[in-house]
Amino acid sequence: AANPKIFFQVYWAGSRDRILARVERARAAGAVGLIVTLDWTFSHARDWGSPTIPHRIDLRTMARHAPEAIIRPRWLTRYVRSGRPPDLTVPNMAVPGEDPPTFFGAYGEWMQTPPPSWADLAWLRAQWDGPFLLKGVIRVDDAKRAVDAGVSAISVSNHGGNNLDGTPASIRALPAIGEAVGDQIEVLLDGGVRRGGDAVKAVALGARAVMLGRAYLWGLAANGQAGVENVLDIMRTGIDSALLGLCRSAVTELRPADVLVPDGFIRRLGVPEPQPGGATGPWPARTVGE
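Analysis parameters
- Residues numbered from 1 in each chain as written.
- Predicted model: local features only at pLDDT ≥ 70, side-chain atom pairs only at ≥ 80, totals over all residues.
- Heavy atoms only, no water.
- Helix = DSSP H or I, 4+ residues; strand = E, 2+ residues; numbered from the N terminus.
- Buried < 20%, exposed > 50% of the residue type's maximum accessible area, 1.4 Å probe, protein only.
- Contact = heavy atoms within 4.5 Å.
- Areas by Shrake-Rupley, 256 points an atom, 1.4 Å probe, with all protein chains shown as cover.
- Lys, Arg positive; Asp, Glu negative; His and termini not counted.
- Charge placed at Lys NZ, Arg CZ, Asp CG, Glu CD.
- Phe/Tyr/Trp six-rings, centres within 6.5 Å; stacked < 30°, edge-to-face > 60°.
- Pairing = 2+ DSSP bridges.
- Axes fitted to C-alpha atoms, helices over the stretch in contact; angles between N-to-C directions.
- Salt bridge = Lys/Arg side-chain N within 4 Å of Asp/Glu carboxyl O.
- Left-handed = near helix turned anticlockwise from the far one by under 90°.
- Nonpolar A, V, L, I, M, F, W, Y, C, P; charged D, E, K, R; others polar.
- Polar contact = N/O pair within 3.5 Å; in protein donor to acceptor, adjacent residues only side chain to side chain.

Asker: Is there a simple way to explain the overall build of the protein in this structure?
Answerer: For the protein, the helix and strand inventory stands at nine helices and eight strands. Dimensions of the protein, computed from C-alpha atoms along their principal axes, come out at roughly 70 × 45 × 40 Å. Buried residues in the protein amount to 36% of all 290 residues. Long-range pairs, those at least 24 residues apart, make up 61% of the contacts in the protein between residues at least 6 apart in sequence. Carbon and sulfur atoms make up 57% of the accessible area of the protein, which totals about 17500 Å². The centroid of the 32 positive side-chain charges in the protein is displaced by 5 Å from the centroid of its 29 negative side-chain charges.

Asker: What am I meant to see in the packing of aromatic side chains here?
Answerer: Given two aromatic rings, their pairing is described by the distance between the two centres and the angle made by the two planes. By the definition in use, this model includes five aromatic pairs. Aromatic pair Trp 75 and Tyr 79: ring centres 4.9 Å apart, planes at 70°, arrangement edge-to-face. Of the two residues, Trp 75 and Tyr 79 both sit in helix α3 (residues 73–82), four residues apart, roughly one turn of that helix. The exposure class assigned to Tyr 79 is partly exposed, which follows from its relative accessible area of 33%. Centre to centre, the rings of Tyr 107 and Trp 110 are 5.5 Å apart; their planes meet at 50°, and the pair counts as tilted.

Asker: Any chance you could explain unusual backbone geometry here in plain terms?
Answerer: Leaving glycine aside, a negative phi is the common case for residues, and trans is the common case for peptide bonds. Although it is not a glycine, Cys 247 sits at a positive phi angle of roughly 60°. Judged by its relative accessible area of 69%, Cys 247 falls in the exposed class.

Asker: How should the sheet that holds strand β6 (residues 209–211) be read in this particular structure?
Answerer: Strand pairs in the sheet, formed through backbone hydrogen bonds, run parallel or antiparallel to each other. Strands sit in the order β1-β2-β3-β4-β5-β6 across an open sheet of six strands; the sheet is parallel. Whereas interior strands pair on both sides, the edge strands pair on one side only; in this sheet they are β1 (7–11) and β6. Neighbour-to-neighbour, the strand axes of this sheet turn through a mean angle of 30°, independent of strand direction. Note that β1 and strand β2 (residues 33–37) share five bridges and pair parallel. The partner of Val 10 across the bridge, within β2, is Val 36. Relative to strand β3 (residues 132–137), helix α5 (residues 118–127) is tilted by about 155°, and along the sheet it contacts β2 and β3.

Asker: Mind showing me how you'd approach the pattern of salt bridges here?
Answerer: Between side chains of opposite charge, a pair can form as their charged atoms come close. This structure, assessed with the given rule, holds 13 salt bridges. Between Arg 22 and Glu 109 there is a salt bridge; the shortest N-O distance is 2.6 Å. With a gap of 87 residues between them, Arg 22 in helix α1 (residues 16–28) and Glu 109 in helix α4 (residues 103–111) connect regions that are remote in the sequence. Connected through shared salt-bridge partners, Arg 18, Arg 22, Glu 98 and Glu 109 make up one network.

Asker: Please clarify how the side chain of Asp 198 should be interpreted in this entry.
Answerer: Structurally, the position occupied by Asp 198 is in helix α8 (residues 196–204). Excluding residues within four positions of it along the chain, Asp 198 makes contact with Gly 192 and Val 193.

Asker: Got a minute to help me understand the packing of helix α6 (residues 140–148) against helix α7 (residues 170–181) in this structure?
Answerer: Two measures define how a pair of helices packs: the angle their axes make with one another and the distance between the axes. Where α6 contacts α7, the axes come no closer than 9 Å and their chain directions differ by 35°. α6 and α7 meet at a crossing whose hand is right-handed. Here α6 contributes Val 140, Ala 143, Lys 144 and Val 147 to the contact with α7, which in turn contributes Ala 176, Ile 177, Ala 180 and Val 181. Taken together, the residues of the contact of α6 with α7 break down into seven nonpolar, no polar and one charged.

Asker: So what exactly am I meant to see when it comes to the environment of Gly 245 here?
Answerer: Its location among the elements puts Gly 245 in helix α9 (residues 214–245). Its relative accessible area of 61% is what places Gly 245 among the exposed residues. Placed 183 residues apart in sequence, Gly 245 and Met 62 show a C-alpha to C-alpha distance of 50 Å.

Asker: Hey, could you run me through the side chain of Ser 157 in this one?
Answerer: Mapped onto the secondary structure, Ser 157 falls in the loop between β4 (153–156) and α7. A polar contact of 3.2 Å, which involves the side chain of Ser 157, links it to the side chain of Lys 135. Once residues within four sequence positions are removed from consideration, Ser 157 is found in contact with Asp 39, Lys 135, Gly 136, Val 137, Ile 138, Ser 170 and Asp 190.

Asker: Got a minute to help me understand the environment of Gly 192 in this structure?
Answerer: Examined against the element boundaries, Gly 192 turns out to sit in the loop between β5 (186–190) and α8. In this structure Gly 192 comes out as partly exposed when scored by relative accessible area, which is 47%. Along the primary structure Gly 192 and Ala 153 are separated by 39 residues, whereas in three dimensions their C-alpha atoms are 20 Å apart.

On their own, these measurements won't tell you what the molecule is for.
Given below as structure tokens:
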């Protein structure tokens, strides 16, 4: 009701039937676009100092977090007025006829599901007649396979680098992917976008738009809707400032030359390169500049 152009993000968790049930539930709720997120590996290690994620809000969890809640009276008051403890289930992962799973219940289902093949993605695309975005593309050859699978858009993304920390930043892979498939599908970017200038750089280097994750969540956690609006205002102001500094009046005027790209910055992963003796290999090990 609040946004008639909502997208639903689906993870490849469970059988085809269960995935399709979630997709149909989203369609019935009014979703017009689908985002399939694949840029996440089966790594489940946690860095030193990572906070514990509670399974549910029980007496032990309340006691552990009581000191933090007491020093945040406004936050605590909102929950007291709601008449119930925070709900830690994952409603978007629910299948019709079942209760929403807990975070670890959803995570466990995803962990036990084999990664999808390109045939699986083509099947899911056939089930959805609206915009279909594949999130997690970092290689040129995968971008071309995504086109073959029928997607209408991709997001160049490395999932924030939290699965394979040696993966190049999304912005470094963007120009080569945009050059390869940008005239066939929409190319977006996510990962590392923290200010308006980052969005301007991405658009100049071939992205149609960027996606935000952490930034708006920080605003939401700090001050609800007003916090999200504040984050968007900051982003908008940053975009305007960057455009002014580049003597551009709109993002549609941006060109690659507006961004200083040093030699060796762009990564053309998945592009065959000449090898000694005239052979080509699909796994370039070196950085290639423009």
